[in-house]
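Letter by letter, the chains look like this.
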Amino acid sequence: MPSDVEQWKDEIYGTDIRAHIERFAEEGWESIPDDETGAWFERFKWYGLYHQRAGQESYFMMRIGPPGGVLKPGQFRTMAEIAREFSTGPAENPIFGNGWLDVTTRQAIQLHWINLEDVPEIFERLEASGLSTIQACGDSWRNIVGCPVAGKDRHEFVDAETLADDLHDAFKGNSEHSNLPRKWKVSVTGCREGCGQGDINDLAFEPAEREVDGEAVRGYNVRVGGGLARNEPRFAKEIDVFVTPEEAVDVAAGISALFRDHGDRENRYNARIKFLMDEWGPEKFRRVLQDDYVDFELPSAGEDLRSEYSYNAGTTHGHGDHVGVHEQRDGDNYVGLNVLVGRIGADEALELADVADEYGSGEVRLTQRQNVILTDVPDENVDELLAEPVLEHYSPDPDAFQRGSIACTGTEFCSLSIVETKNRQVRYSRWLTENVSLPADVEDFHIHLSGCTASCAQPQIADVSLRGMKTRKDGEPVEAFDIGLAGGLGERPQFAQWVRQRVPADEVPGAIEHLVETYVAEREGEETFREFARDMDEEELAALCEPKETSYEDGFLHNTKRTWYPYAEDDDLDASPAPTNPDDTPVSADD
Amino acid sequence: MTVSVRTFDDGAWVSVDNERVVGVSELWRLSGFCPCEVGDVMLEAFVEADSTDEEVKASAVGRCIACGESGSMGWLTVGRLVDGEFRRTDPNEVQSHTAEP
């Protein structure tokens, strides 16, 4: 029997939702009938609106996904202005204040505390700037991710920016592909460094070369069925198909249609294409694609570039991320700035937009490591840009722990998360910076912190993986983490091995300190951590990270899920002002 | 009295009459889920929800924080209906999950 969600989608989905959002916004939050909230909140996701967790009723997260993370001149400023004006809530975050943008691991921006009544005006402003929230969430083509410096990169093999744009144009708002069994995540990599992270996507285009009619042609190999969620991580599987850039959209349409028709619509936990790939295997998948969904003969895979991949790969060659000053193909430079846990205050975002205009082209790009890149900076502007005060915090040369830290949204806003994440990861990284030393040649040390098994912070592909759990300490329930080690991508991607279970959150920094001290003392030459750990078994890895209490103090050990907002002075669920009017006053105060 | 019961937010909640009433990430005391006499089980996601005239039940996936056993469980009572009002079960109340609602 189809799930509730499928029935709601059958009734109204896709672009038809827009008029209803406008109607509810006009009539106010309370106009959504109580017995229809489930259906409408599910549908709103298609337009990038996700209702926040219990205690925050009437507030939404809004996601805006530019293809490949490319924000054209003016677009980052538009989002910063919207954040300052509309993305403020009834309580402050003690580290980040009130009003910010979150850069996500899928090269999108998320805004919180959005009231439904403000959505039409926000949509208008975004659209005037060439942006959209369409399909940012929900069961369809999500934001196309890819090389964030595509089109400018000296390491580019094939033009990933054009293909990301082509896919975006072909499948956003396309009624044939707007209602899929589940989310559909697509990646386009065009460089030699592998920074599209195709292995963890439902559909990945990876750079390759093949002889066609006697000529060497550059294009893409196709992989299908990657993903990290729900304790069921998979790397995408090679389906032995090569596509030219011109054919890629047609093949993508075939694969998307195959998923639309054959994906599981009865059980949402079994709906992602990785489970269909488990069932069919790559050979059958290719056969069905060829027979039923593509009307030309699919060539077999070409020669790939995976042996050169360095992005999040734990190698000593190439770039592991985009932080720092790097020369573009045209002789200008791009400057990658570290954004700790991806969060940028709205006022600082406006400052970044200013310096992007002043010293570069005004373009700002978003990376899958939650960072930003300012592009097109001529040599003569680099020193002045680097001297700007805003770059002291958003640094092109950050400490290795801060550079490597990623965190998901967590219990601050997310229903699924088990633990507080972003503020905790900031505190972890500060403590590690002050108390633990890495050798100068280790520029980044990847610690990915995810609040639950949904894995939005991509915990399985980090040097140190932290996944939210609970445990008891002195008999009381406390927030905790499972610790995994030595995951990453590259030529031979591997998921972290989970070697410590349910470590109380205040003992995690001590475990990482122990790990780093052992690594530094015992590594050979300039071995990366992943190389150091490569041949260790689970027991040896576990021995590296003995949990212990240290001078680190955790402010969120209690059950943050039982609060209406973990940082509010009175955080009890009953103290929540929600639901509220757009000025954050309780709706009940109207009576 | 009939109530509308379903899982919500990708399994993060059980909702009763469209109100999110029981969330994941709590510790529940369950017998029969794992080798422990009484497991201390953290619910990670609700899979299904259902109700009788008297009770709201849910199946979930979870993990015992004492022994580490993880996986799907049968139905557990997450709340009771008293005069049509939902009353949440105390997760510290030991219960054995059952195969059918």
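As the structure is a prediction and not an experimental result, all values here were calculated from the model.

Moving on: the overall build of chain A. A count of helices and strands for chain A gives 16 helices and 21 strands. Radius of gyration (C-alpha) of chain A: 23 Å, near the 25 Å computed for a compact globule of 591 residues. The dimensions of chain A, computed from C-alpha atoms along their principal axes, are 75 × 60 × 55 Å. Looking at chain A as a whole, 65% of its 591 residues are labelled buried. Partitioning the intrachain contacts of chain A with sequence separation of at least 6 by distance along the chain shows that 72% fall at a separation of at least 24. In the structure as shown, chain A presents an accessible area of about 21,200 Å², 41% of it carried by carbon and sulfur atoms.

A few words on helix α9 (residues 346-359) of chain A. Quick reminder: α-helices carry 3.6 residues per turn. Residues three or four places apart thus point the same way. The end-to-end C-alpha separation of α9 of chain A is 20 Å, in line with the 20 Å expected for 14 residues at 1.5 Å each. For α9 of chain A, every residue scored as buried is listed here: Ala346, Ala349, Leu350, Leu352, Ala353, Val355, Ala356 and Tyr359 of chain A.

Listed as interface residues are 29 residues of chain B and, on the opposing side, 36 residues of chain A. Of the roughly 2,500 Å² buried where chain B meets chain A, counting both sides, 45% is carbon and sulfur surface. On the chain B side of the contact with chain A, Asp10, Arg20 and Arg63 of chain B bury the most area, a combined 25% of that side's loss. Residue Asp10 of chain B is joined to Arg182 of chain A by a salt bridge in which the shortest nitrogen-to-oxygen separation is 3.8 Å. In this structure, the connection of chain B to chain A is made through 16 residue pairs in polar contact (both at pLDDT 80 or more). Among the secondary structure elements, those contributing two or more residues to the side of chain B that touches chain A are β1 (5-8), β4 (27-31), β5 (39-51) and β6 (55-64) of chain B. Residue contributions to the side of chain B that touches chain A peak at six residues, all from β5 of chain B. Residues belonging to the side of chain B that touches chain A are distributed by class as follows: 14 nonpolar, five polar and 10 charged.

All names here are of chain A. A cis amide bond links Ala578 to the next residue, Pro579, at an omega of 0°. Looking at where Pro579 falls in the secondary structure, it is placed in the segment after α16 (538-544). Not every positive phi belongs to a glycine, and Asp213 is a case in point at roughly 50°. As for its position among the elements, Asp213 is in the loop between β8 (203-212) and β9 (215-224). With a relative accessible area of 79%, Asp213 lands in the exposed category. Backbone geometry places Ser455, a non-glycine residue, at a positive phi of 70°. Looking at the secondary structure, you find Ser455 in the loop between β18 (447-450) and β19 (464-473).

The biggest cluster of nonpolar side chains holds 145 residues, and the ones touching the most others in it are Phe44, Leu485 and Phe529 of chain A. Leave out the neighbours within four places in its chain, and Phe529 of chain A touches Phe445, Asp463, Leu485, Ala486, Leu515, Tyr519 and Leu544 of chain A.

Okay, the pairing of strand β4 (residues 100-103) of chain A next. Walk down a regular strand and you will see the side chains alternate between the two sheet faces. Residues and elements named next belong to chain A. Of the two faces of β4, the one lined by Trp100 and Asp102 and the one lined by Leu101 and Val103 are each fully buried. Looking at chain direction, β4 and strand β14 (residues 343-345) are connected through three bridges and run antiparallel. Each residue of the ladder has a partner; that of Leu101, found in β14, is Ile344. Taken together, the two bridges between β4 and strand β5 (residues 109-115) define a ladder with antiparallel strand orientation. Looking across to β5, one finds that Val103 is bridged to Ile109. Hairpin connection, β4 to β5: the antiparallel pair is bridged by five residues, and Gln107 has positive phi, about 55°.

Residues and elements named next belong to chain A. Over its 15 residues, helix α7 (residues 248-262) extends 21 Å from the first C-alpha to the last, a length consistent with the 21 Å expected when each residue adds 1.5 Å. For α7, the full list of buried residues reads Ala248, Val251, Ala252, Gly254, Ile255, Ser256, Ala257, Leu258 and Phe259. On the buried face of α7, the contacting elements are α6 (160-171), β8, β9, β10 (237-243) and α8 (273-293).

All names here are of chain B. Taken in spatial order, the three strands of this open sheet run β1-β2-β3, and their pairing is antiparallel. This sheet does not close on itself; its edge strands, each paired only once, are β1 and β3 (19-23). Within the sheet, the average angular offset between the axes of one strand and its neighbour, ignoring direction, is 35°. Of the pairings in the sheet, the one linking strand β2 (residues 13-16) to β3 comprises four bridges and is antiparallel in character. Bridge assignment links Val14 to a residue of β3, and that residue is Val22.

Right, let's talk about the pattern of salt bridges for a bit. Per the counting criterion, the structure on display carries 52 salt bridges over all chains. Glu161 of chain A serves as the salt-bridge partner of Arg365 of chain A, at 3.5 Å between the closest nitrogen and oxygen. Of this pair, Arg365 of chain A sits in strand β15 (residues 364-366) while Glu161 of chain A sits in helix α6; the two residues are 204 residues apart in sequence, bridging distant segments of the chain. Since its relative accessible area comes to 1%, Arg365 of chain A is described here as buried. The partner of Arg472 of chain A in a salt bridge is Asp40 of chain B, and the shortest N-O contact between them spans 2.4 Å. Placement of Arg472 of chain A in strand β19 and of Asp40 of chain B in strand β5 is noted, with the two residues assigned to different chains. Judged by its relative accessible area of 28%, Arg472 of chain A falls in the partly exposed class. Residues joined in a network through salt bridges with shared partners are Glu6, Lys9, Asp139, Arg265 and Arg268 of chain A.

Residue and element names in this part refer to chain A. Domain assignment breaks chain A into domain 1 (4-128), domain 2 (150-308), domain 3 (324-392) and domain 4 (402-558). Each of domain 3 and domain 4 has a C-alpha centre, and these two points are 28 Å apart. Counting residues at the interface gives seven residues for domain 3, matched by 15 residues for domain 4. Counting the surface lost from both domain 3 and domain 4, the interface buries some 1,000 Å², and carbon and sulfur atoms represent 45% of this. One salt bridge connects Arg343 with Glu412, and the closest N-O pair in it is separated by 3.1 Å. The interface formed by domain 3 and domain 4 includes seven residue pairs in polar contact (both at pLDDT 80 or more). Taken together, the residues of the side of domain 3 that touches domain 4 break down into two nonpolar, three polar and two charged.

Calculation rules
- Residues numbered from 1 in each chain as written.
- Chains lettered and ligands numbered in written order.
- Predicted model: local features only at pLDDT ≥ 70, side-chain atom pairs only at ≥ 80, totals over all residues.
- Heavy atoms only, no water.
- Helix = DSSP H or I, 4+ residues; strand = E, 2+ residues; numbered from the N terminus.
- Rg over C-alpha atoms; globule rule 2.2 N^0.38 Å.
- Buried < 20%, exposed > 50% of the residue type's maximum accessible area, 1.4 Å probe, protein only.
- Contact = heavy atoms within 4.5 Å.
- Areas by Shrake-Rupley, 256 points an atom, 1.4 Å probe, with all protein chains shown as cover.
- Expected span 1.5 Å × (residues − 1).
- Buried area = accessible area lost by both parts, 1.4 Å probe.
- Salt bridge = Lys/Arg side-chain N within 4 Å of Asp/Glu carboxyl O.
- Polar contact = N/O pair within 3.5 Å; in protein donor to acceptor, adjacent residues only side chain to side chain.
- Nonpolar A, V, L, I, M, F, W, Y, C, P; charged D, E, K, R; others polar.
- Core = buried A, V, L, I, M, F, W, Y, C linked by side-chain atoms within 4.5 Å.
- Pairing = 2+ DSSP bridges.
- Axes fitted to C-alpha atoms, helices over the stretch in contact; angles between N-to-C directions.
- Domains from an automatic or database assignment.

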